[in-house]
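Per-entry structural report
The chain contents come next:
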Amino acid sequence: MAFFESYQCSLCGHVWEPEAIAYVCPHDDGNLDVRLDYSAIQAGNSPASISAEIETSIWRYLPLLPVDDPGRESTQLRAVGWTPLIRSSRLAQELGLEALWLKDDGRNPTASFKDRASAIVVVRAEEIGAGTVVTASTGNAGAALAGMAAAAELPAVILAPSNAPQAKVAQLLIYGARVILVDGNYDQAFDLSLQAAEEFGWYCRNTGYNAFTVEGKKTAAFEICEQLSEPGAERWESPEAVFVSVGDGNIITGLHKGFKDLHELGWIDHIPRIYGIQSTGSAAVTNAFLAGADEIEPVRSNTLADSISVDLPRDGLRALRAVRETNGAMIAVEDQKILQAIATLGREAIFAEPAGATAFAGLEVAVESGLVESGERIVAVITGSGLKDVPAAMKAAGEAVVIQPNLEALREVVT
Ligand SMILES: [Zn+2]
């Protein structure tokens, strides 16, 4: 928090004092970017000083975060992030690549990337004295907020569409949140949660609305660069290309912010090309990218990848900016390709939910289209665990055979 300098509106560019704003730009409702005092950070910190940290969570990057150390040692709040960056030589070889890593963010406390955002939002809520936190969610953001709020002993209210997968709803309930299923889609739950926050004075975590979600999500970019580097290096390594799934567009925005922070600090020498991957059944940002448009037209989403099933992406403009400014691209893949990607990742012992496997499906398309070169270092971010959506996994995996309990029956099926 010491280096949290100001907000800057992503639409009009106006700079706001941190105390002046709760959520979005008062001029135009634009999403706000958090600006840090980069020269002050540089003065007392370096890649080497951070790598010397013993903290194995997002809190190792405390000087680059807009909140203070939350304390709460040995709680799940301190178990977020620092997920494995797994080198996949086998899948790289099959794709004709030399260097491919999979960032397994299903390993977070509530089994998705969203813990990064929710941890920071919960700490911010405590700092501003919020009594209750609320979010609309397709499932993962809600589970993450419910889990982090439980760790911080803060009441949470979650509004989710009534068709959210059962495992995600179970998580919300187990973490003790007040769970309200909305007989409508995510977009309707989103609008309702904004009204509720205003009406009841709750602190709203909503993606593409609360600036602090990006500040949590950017830690994945920090980790990717640090994990690709030698311990104690004076500068960190940056990959050439990063692939990530896109729903609201807030994770890709977070990754972009993380790489920009490191670049502004001079801690990496380039920002990677960022590729955002959507399902063809929920491709609002991709449509805008392909049309060269600066506005995002809502779609009627229909995809089995529930975590990225969004009609109107709430952070779509910054998602477009992330891919355009880095010379990346938006790519849409069929749900069938997403299911195949779940099965492919399983061979590396990574169990991904559909939205989690979407980045890898997009990488396959990018390779076929010549968007990446074989010698480049490539990272695909796997954003959520397959345990979140077992029915989808069964579609990818097929059914197991059932036999009578004798050797003869076993021989018949194994030989
Ligand atoms: Zn503005």
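In case you missed it, the structure is sitting above this.
To start, this report covers the structure provided alongside it.

About the cut-offs
- Residues numbered from 1 in each chain as written.
- Predicted model: local features only at pLDDT ≥ 70, side-chain atom pairs only at ≥ 80, totals over all residues.
- Heavy atoms only, no water.
- Helix = DSSP H or I, 4+ residues; strand = E, 2+ residues; numbered from the N terminus.
- Buried < 20%, exposed > 50% of the residue type's maximum accessible area, 1.4 Å probe, protein only.
- Contact = heavy atoms within 4.5 Å.
- Areas by Shrake-Rupley, 256 points an atom, 1.4 Å probe, with all protein chains shown as cover.
- Lys, Arg positive; Asp, Glu negative; His and termini not counted.
- Charge placed at Lys NZ, Arg CZ, Asp CG, Glu CD.
- Axes fitted to C-alpha atoms, helices over the stretch in contact; angles between N-to-C directions.
- Parallel < 35°, antiparallel > 145°, perpendicular 65-115°, else oblique.
- Nonpolar A, V, L, I, M, F, W, Y, C, P; charged D, E, K, R; others polar.
- Pairing = 2+ DSSP bridges.
- Donors = N, O, S within 2.8 Å, 3.2 Å for Na, K, Ca; no water.
- 1 Å grid on protein atoms, 1.4 Å probe; cavity = no way out; pocket = protein on both sides within 12 Å on 5 of 7 lines; lining within 4 Å.
- Points joined across faces, edges and corners; volume = space filled by probe spheres on them.
- Salt bridge = Lys/Arg side-chain N within 4 Å of Asp/Glu carboxyl O.
- Core = buried A, V, L, I, M, F, W, Y, C linked by side-chain atoms within 4.5 Å.
- Phe/Tyr/Trp six-rings, centres within 6.5 Å; stacked < 30°, edge-to-face > 60°.

**Observations concerning the overall build of the protein**
- Helix and strand counts for the protein come out as 16 helices and 13 strands.
- Taken over the C-alpha atoms alone, the protein extends approximately 75 × 50 × 50 Å along its principal axes.
- Sorting the 415 residues of the protein into buried and exposed places 59% on the buried side.
- Once local pairs closer than 6 in sequence are excluded, the contacts in the protein between residues at least 24 apart make up 70%.
- Total accessible area on the protein stands at roughly 16,400 Å², and carbon and sulfur atoms take up 49% of it.
- Between the mean site of the 31 positive side-chain charges and the mean site of the 55 negative ones, the protein shows a separation of 2 Å.

**Examining the packing of helix α13 (residues 335-346) against helix α15 (residues 390-397)**
- In the contact formed by α13 and α15, the axes pass within 8 Å of each other and the chain directions differ by 85°. Of the possible angle classes, the one that applies to α13 and α15 is roughly perpendicular. Of the residues in α15, those touching α13 at L339, I342 and A343 are A392, K395 and A396.
- A breakdown of the residues in the contact of α13 with α15 according to their chemical character gives five nonpolar, no polar and one charged.

**Remarks on the sheet that holds strand β9 (residues 203-204)**
- With respect to topology, four strands assemble into an open sheet ordered β8-β7-β6-β9, the strand pairing being parallel. For this open sheet the edge positions go to β8 (178-182) and β9, each flanked by a neighbour on one side alone.
- Note that strand β6 (residues 133-136) and strand β7 (residues 156-161) share four bridges and pair parallel. If you follow T135 over to β7, its bridge partner there is I158.

**Remarks on the coordination of the zinc ion**
- Looking at the metal site, the zinc ion is ligated by C9 (SG), C12 (SG), C25 (SG), D28 (OD) and D28 (OD), spaced 2.3 to 2.5 Å from it.
- Each donor residue of the zinc ion belongs to the same chain, and together they define the spacing C-x2-C-x12-C-x2-D. Of this pair, C9 sits in strand β1 (residues 4-9) while C25 sits in the loop between β2 (15-16) and β3 (32-36), placing them 16 residues apart in sequence.
- Of the residues examined, C25 reaches a relative accessible area of 0% and is grouped as buried.

**Section: empty space enclosed by the protein**
- The final tally for this structure, using the stated rule, is one cavity of 30 Å³ or more.
- Considered as a void within the structure, the largest cavity measures approximately 240 Å³ in volume.
- Taken together, 25 residues line the largest cavity, and the ones lying closest to its centre are K114, D248, I251, S307 and I308.
- Put simply, the parts of the chain that give the lining of the largest cavity at least two residues each are α5 (140-151) and α10 (250-264).
- Per-element accounting of the lining of the largest cavity gives the leading share, three residues, to α10.
- The residue inventory of the lining of the largest cavity, partitioned by class, reads ten nonpolar, eleven polar and four charged.

**Topic: the side chain of K217**
- Counting through the fold element by element, K217 comes out in helix α8 (residues 212-217).
- One buried charged side chain, K217, makes no salt bridge at all; its nearest oppositely charged neighbour is D248, positioned 7.2 Å away.
- Not counting the four nearest positions on each side in its chain, K217 is found in contact with F113, K114, R116, A117, R205, T207, N250, I251, G254 and L255.

**Examining the sheet that holds β2**
- If you walk across this open sheet you meet the three strands as β2-β1-β3, and the pairing is antiparallel. Two strands lie at the open edges of the sheet, namely β2 and β3, each paired on one side alone.

**Focus on the pattern of salt bridges**
- Summed over all chains, the structure comprises 29 salt bridges.
- R35 is the partner of E264 in a salt bridge, and the nearest nitrogen-oxygen pair spans 3.1 Å. With E264 in helix α10 and R35 in strand β3, this residue pair connects regions lying 229 residues apart in the sequence.
- Linking R273 and E376 is a salt bridge whose minimum nitrogen-to-oxygen distance equals 2.9 Å. Of this pair, R273 sits in strand β11 (residues 273-279) while E376 sits in the loop between α14 (354-368) and β13 (377-382), placing them 103 residues apart in sequence. The pair R273 / E376 is uniform in exposure class, with both members buried.
- By sharing partners, the salt bridges in this structure join E55, D69, E73 and R78 into a single network.

**A closer look at the pairing of strand β12 (residues 329-333)**
- In terms of burial, β12 is a largely internal element, four of the five residues being buried.
- Note that β11 and β12 share five bridges and pair parallel. The partner of S279 across the bridge, within β12, is V333.

**A closer look at the nonpolar core**
- In this structure, Y7 and L255 are the most contacted members of the largest nonpolar core, which totals 91 residues.
- Setting aside residues up to four positions removed in sequence, Y7 forms contacts with H14, V15, W16, E17, P18, I21, L32, D33, V34, R124, A211 and F212.
- Counting 33 residues, the second-largest nonpolar core is a separate cluster that includes I277, L345, A366 and V372.

**Some remarks on the packing of aromatic side chains**
- Enumeration over the complete set of coordinates arrives at ten aromatic pairs.
- An angle of 80° between the planes, with centres 5.3 Å apart, marks the rings of F4 and Y7 as edge-to-face. Exposure class is identical for F4 and Y7. Each is buried.
- Between F4 and F212 the ring centres are 5.9 Å apart and the planes differ by 90°, which places this aromatic pair in the edge-to-face class.

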